[in-house]
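Survey of secondary and tertiary structure
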Amino acid sequence: MTTTSASYILTLSCPDRTGIVHAVSGFLFERGANIEEAAQYNDHATGLFFMRVRFASADDHATLQAQLTPFAEGFQMRWSLHATAEPMRTVIMVSKEGHCLNDLLFRWKSGLLPVDIRAIVSNHRDFYQLAASYNVPFHHIPVTGATKAQAEARALEVIQGENAELVVLARYMQILSDDLCRKLAGRAINIHHSFLPSFKGAKPYYQAHDRGVKLIGATAHYVTADLDEGPIIEQDVARADHSKTVEDLTAMGRDTESQVLARAVKWHSEHRVLLNGHKTVIFK
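Summarised in this report is the structure supplied together with it. (Residues numbered from 1 in each chain as written. Predicted model: local features only at pLDDT ≥ 70, side-chain atom pairs only at ≥ 80, totals over all residues. Heavy atoms only, no water.)

Let's shift gears to empty space enclosed by the protein. Here the structure, examined in full by the defined rule, presents 1 cavity of 30 Å³ or more. The biggest single contributor to the lining of the largest cavity is helix 5 (residues 148-161), with 3 residues. (1 Å grid on protein atoms, 1.4 Å probe; cavity = no way out; pocket = protein on both sides within 12 Å on 5 of 7 lines; lining within 4 Å. Points joined across faces, edges and corners; volume = space filled by probe spheres on them. Helix = DSSP H or I, 4+ residues; strand = E, 2+ residues; numbered from the N terminus.)

Have a look at this one:
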């Protein structure tokens, strides 16, 4: 009789000590699992050890979870186990700039991102037709100063209703409350231009053009209560020169934002990103 194997990803972090790799590989070997990919990192500054292992096993998720629990306790591990066959349930939030949303939807439908986009939440109606073209439910939740708390509660209902493991702020131009940031800790990714804090406000590219900037950048990071200061997942830049117009800079910035956010979402949904305090460890 042929035994069917499933593929899993185990990620873990713990205080560094000798024998962790040996113990993890031994744990998997004893259960007949086959390691397909493994990466590790020792942070000498913090004394922490990080590891990501992809393996095939005939055991089901619940069995492995139950066996890993006492094993991990002996090493004080923070760990998670994911079945690779299950794409990450995702909700995207957007306002009136749709370049990142459009890019993520296309990559998803093209099979380039291991996510399952369950819903789109927006404080404007601009992209309901785009959502419909991908057969994704669109939730228009207007936000005003007076209705912010109710709007966040409604958005959280959508996120929880879809059992979303990931929330992507794809140019969602509302500041989330500290309470919502805490509820989404470690599973919400934001994207913004990298002119902050130099050029704030509604028209950063106009300010950047006026100053003659030579680099257009973008940053993808986890959302925290500290505005735009969460652990950074990915950054990139594009060079500019004196010949570039404001429109050129804006287009370059949008392209960079789309690519940076797509990489961050891909790495997160492949369980390649581990939190290391206010930084990240990324096993590419």
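All right, on to helix 5 then. Here helix 5 is 14 residues long and its end C-alpha atoms lie 20 Å apart, about the 20 Å a rise of 1.5 Å per residue gives. Contacts made by the buried residues of helix 5 are with strand 5 (88-94), strand 6 (115-122), strand 7 (138-140), strand 8 (166-169) and helix 6 (178-183). The first or second residue beyond helix 5 is N163, which carries a positive phi of 50 degrees. (Expected span 1.5 Å × (residues − 1). Contact = heavy atoms within 4.5 Å.)

Further remarks concern the environment of S5. One can find S5 in the segment before strand 1 (6-15). Given a relative accessible area of 47%, S5 falls into the partly exposed group. In contact with S5, other than residues within four places in its own chain, are A56, S57 and A58. (Buried < 20%, exposed > 50% of the residue type's maximum accessible area, 1.4 Å probe, protein only.)

The next point concerns the sheet that holds strand 1. In space, the 4 strands of this open sheet follow the order 2-3-1-4, with antiparallel pairing throughout. At either margin of the open sheet sits one strand with a lone partner, and together these are strand 2 (34-43) and strand 4 (78-83). Going across the sheet, the axis of each strand differs from the next one's by a mean of 10 degrees, ignoring polarity. Where helix 1 (residues 20-30) meets the sheet, it contacts strand 1, strand 2 and strand 3 (48-57), and its direction lies at approximately 20 degrees from that of strand 3. Strands strand 1, strand 3 and strand 4 of the sheet are contacted by helix 2 (residues 61-73), whose axis makes an angle of about 165 degrees with strand 4. (Pairing = 2+ DSSP bridges. Axes fitted to C-alpha atoms, helices over the stretch in contact; angles between N-to-C directions.)

Because an α-helix completes one turn every 3.6 residues, residues spaced three or four positions apart along the sequence face the same direction. End to end, helix 8 (residues 246-269) covers 34 Å across 24 residues, agreeing with the expected 34 Å (1.5 Å per residue, within 8%). A positive backbone phi angle near 60 degrees is found at H271, which sits one or two residues after helix 8.

This part covers the side chain of S7. For S7, the position within the fold is in strand 1. Polar contacts involving the side chain of S7 include one to the side chain of R54, which spans 3.3 Å. Excluding its chain neighbours within four sequence positions, the residues that come into contact with S7 are E36, R54, F55, A56, H82, A83 and T84. (Polar contact = N/O pair within 3.5 Å; in protein donor to acceptor, adjacent residues only side chain to side chain.)

Taken as a whole, the second largest pocket holds about 560 Å³ of empty space. Around the second largest pocket sit 19 residues that line it, and T11, S80, G186, H268 and V273 are the ones nearest its centre. Every element with two or more residues in the lining of the second largest pocket is listed here: strand 1, strand 4 and strand 12 (273-276). When residues in the lining of the second largest pocket are grouped by element, the largest group, 4 residues, is from strand 4. Across the lining of the second largest pocket, the residue classes break down as 9 nonpolar, 7 polar and 3 charged. (Nonpolar A, V, L, I, M, F, W, Y, C, P; charged D, E, K, R; others polar.)

This part is about the packing of helix 1 against helix 2. Direction vectors running N to C along helix 1 and helix 2 enclose 155 degrees, while the axes themselves pass 12 Å from each other. Overall, the two elements helix 1 and helix 2 adopt an arrangement that is roughly antiparallel. For helix 1 against helix 2, the interelement crossing comes out right-handed. Of the residues in helix 2, those touching helix 1 at A23, V24 and F27 are Q67, L68 and F71. Of the residues belonging to the contact of helix 1 with helix 2, the class tally is 5 nonpolar, 1 polar and no charged. (Parallel < 35°, antiparallel > 145°, perpendicular 65-115°, else oblique. Left-handed = near helix turned anticlockwise from the far one by under 90°.)

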